[in-house]
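# Understanding the architecture of this molecule
One letter stands for each residue in the lines below.
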Amino acid sequence: MQGSMIGILFICLSVNLFAQSSKNLEQPQAFNAPITLESMIKTYPSPVKDVLYIEVKKEVRLTTILVLNLVGKVVLREEPGEIQSKIRVDMSHERSEIYLLQLTASDGRKMSKRIVKQ
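Described in the following lines is the structure provided in the data block. Since we're looking at a predicted model, the values are computed, not measured.

Moving on: the sheet that holds strand β2 (residues 51-56). Read across the sheet, three strands follow the order β1-β2-β5 without closing on themselves; strand pairing throughout is antiparallel. Since the sheet does not close on itself, it has two edges, and those belong to β1 (41-44) and β5 (86-90), each with one partner. Between one strand and the next, the sheet's axes are offset by a mean angle of 20°, whatever the strand orientation. Examined bridge by bridge, β1 and β2 share four bridges and lie antiparallel to one another. Note on β2: the bridge partner recorded for Y44 is Y53.

Okay, structure coming up:
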């Protein structure tokens, strides 16, 4: 009888542990990661020959586009006035080197990306 009581106790504990672990699986925690600017913007081609294209999802309005050289000097600056889904940046007059593209959205989010000019 003592052995059967231990067996019943073991089964009850096992069922209780399984129920608690299943409960945790059924209630996943909310995943509210912020949407990054990088996920809403696409730049191409890479490397750039003459023109860099910036494709922007409709939820984003870019306020400032900066292209900086390796020394940190701003070589191009654009301030799109209205929402545009595709922005054309003329880099034909720039030397072949590596640049830093800095984008600022109307909500203050910023993004930086390395651009290679052929």
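Let us look at the packing of aromatic side chains. What the rule picks out here adds up to one aromatic pair. Judged by centre distance (5.6 Å) and plane angle (25°), the rings of Y44 and Y53 are stacked. A cation sits over an aromatic face here: K86 above Y53, 5.0 Å from the ring centre.

Cut-offs and rules
- Residues numbered from 1 in each chain as written.
- Predicted model: local features only at pLDDT ≥ 70, side-chain atom pairs only at ≥ 80, totals over all residues.
- Heavy atoms only, no water.
- Pairing = 2+ DSSP bridges.
- Helix = DSSP H or I, 4+ residues; strand = E, 2+ residues; numbered from the N terminus.
- Axes fitted to C-alpha atoms, helices over the stretch in contact; angles between N-to-C directions.
- Phe/Tyr/Trp six-rings, centres within 6.5 Å; stacked < 30°, edge-to-face > 60°.
- Lys NZ or Arg CZ within 6 Å of the ring centre and 35° of its normal.

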